[in-house]
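# Notes for the structure review
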Amino acid sequence: MDASLGGTGTVRVRFFARYAELAGRVEGILAVPLPATVGDVLARARREWPGAAALPAEPLAALNRRQSALDSPVSDGDEVALLPPFAGG
Amino acid sequence: MAHLSTVPLSLSALLSEVAAPQCGGTCVFLGTVRDGPEDGGVTAIEYSAYDAMAEAEFDRILAETRGRWPDARVAAAHRLGLVPAEEASVAIAVAAPHRAEAFAACRYVIEEIKRRLPIWKKELRADGTATWVDPSGHPSMVGPA
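What you are looking at is a predicted structure, and each value in this text was computed from that prediction instead of being measured. (Residues numbered from 1 in each chain as written. Chains lettered and ligands numbered in written order. Predicted model: local features only at pLDDT ≥ 70, side-chain atom pairs only at ≥ 80, totals over all residues. Heavy atoms only, no water.)

Glancing now at the interface of chain A and chain B. At the interface, 18 residues of chain A touch 26 residues of chain B. Between chain A and chain B the total buried area reaches about 1,700 Å² when both faces are included, carbon and sulfur atoms providing 62% of it. It is Phe86, Ala87 and Gly89 of chain A that lose the most area in chain A upon contact with chain B, and together they represent 38% of the buried surface on that side. Linking chain A with chain B are twelve residue pairs in polar contact (both at pLDDT 80 or more). Counting residues per element, the ones that place at least two in the side of chain A that touches chain B are helix H1 (17-23), strand E5 (66-68) and strand E7 (79-83) of chain A. (Contact = heavy atoms within 4.5 Å. Buried area = accessible area lost by both parts, 1.4 Å probe. Polar contact = N/O pair within 3.5 Å; in protein donor to acceptor, adjacent residues only side chain to side chain. Helix = DSSP H or I, 4+ residues; strand = E, 2+ residues; numbered from the N terminus.)

Another aspect to go through is the packing of aromatic side chains. According to the stated counting rule, one finds five aromatic pairs over all chains in the structure shown. Relative to Trp120 of chain B, the ring of Phe16 of chain A lies with its centre 5.3 Å away and its plane at 20°, an arrangement referred to as stacked. One end of the pair, Phe16 of chain A, is in the loop between strand E1 (8-15) and H1; the other, Trp120 of chain B, is in strand E7 (residues 119-125), on a second chain. For the pair Phe16 of chain A and Trp120 of chain B, one class covers both residues: buried. (Phe/Tyr/Trp six-rings, centres within 6.5 Å; stacked < 30°, edge-to-face > 60°. Buried < 20%, exposed > 50% of the residue type's maximum accessible area, 1.4 Å probe, protein only.)

Right, let's talk about the pattern of salt bridges for a bit. Tallied over the full model, the rule gives 14 salt bridges over all chains. Residue Arg12 of chain A is joined to Glu79 of chain A by a salt bridge in which the shortest nitrogen-to-oxygen separation is 3.0 Å. In this pair, Arg12 of chain A is assigned in strand E1 and Glu79 of chain A in strand E7, connecting sequence segments 67 residues apart. Residue Glu64 of chain B pairs with Arg116 of chain B through a salt bridge whose shortest N-O separation is 2.9 Å. (Salt bridge = Lys/Arg side-chain N within 4 Å of Asp/Glu carboxyl O.)

Time to look at the pairing of strand E4 (residues 73-79) of chain B. Residue and element names in this part refer to chain B. Most of E4 is tucked away: six of the seven residues are buried. Note: strand E1 (residues 4-5) against E4, two bridges, orientation parallel. Across the sheet, the residue bridging to Leu4 is His78, located in E4. Relative to strand E6 (residues 88-96), E4 runs antiparallel, the two being bridged by six bridges. Across the sheet, the residue bridging to Ala77 is Ala91, located in E6. (Pairing = 2+ DSSP bridges.)

Residue and element names in this part refer to chain A. Here strand E4 (residues 60-63) pairs with E7 via four bridges, running antiparallel. Bridged to Ala61 within E7 is Leu82. Connecting E4 to the next strand, E5, in antiparallel fashion are two residues, including Asn64 with a positive phi near 50°.

Here we take up the environment of Ala105 of chain B. Residues and elements named next belong to chain B. As for its position among the elements, Ala105 is in helix H3 (residues 99-116). A residue is classified by how much of its surface remains accessible, and Ala105, at 0% relative accessible area, is buried. Filtering out sequence-adjacent residues up to four positions away, Ala105 remains in contact with Thr65, Trp69 and Val94.

Residue and element names in this part refer to chain B. Examined against the element boundaries, Ser5 turns out to sit in strand E1. Note on Ser5: relative accessible area 17%, which makes it buried. Beyond its immediate chain neighbours, meaning those up to four positions away, Ser5 contacts His78, Arg79 and Leu80.

Just geometry here; none of it tells us what the structure is for.
As structure tokens, then:
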């Protein structure tokens, strides 16, 4: 059976730049009931860490180091990153 | 190779990476930390990145560039940490048989870097203030390049 179809998944959540300042942390670990999406992880992060509630409604996100939609499914052991608008160069 | 650097970027290192006898045109782009009349006294920019993703995305951008311009030789680097005004935050070198490809490939790399790399900058000013730069919400902005 696909592990993403039930049980609990442990997801590493990372915050960068201004979002790290808002959240008051650069990372944290969340246990989420599966199945879950990147958006579900974000919603749980907002509840878990009050500063994270100040993030925009639909921030850029990455799943396992690739840009990802908020409705992408997450699995146990995944890394979800919340990314302010890029400003490199 | 690693494209992110916390020490000053070496243009000569990039140039020697791309130099080749079959290349007759080399295009170089440097993005430097700007303190223009409207920038409010920027003394430095502090760059930070999602390192692992930025390195992977950097590799993808360079691979795409080599795919589109197969005869071009490309090298690029982005600096992280505190970069004082005037110093380079990003450097790109492209060598190709002819100049048109070198210019086109170099332009492609800088535009994709700005669009796709998970890198952020905080402007530090002489008055002690610091602000995160949000290109999407601050179109008159500024910053390097």
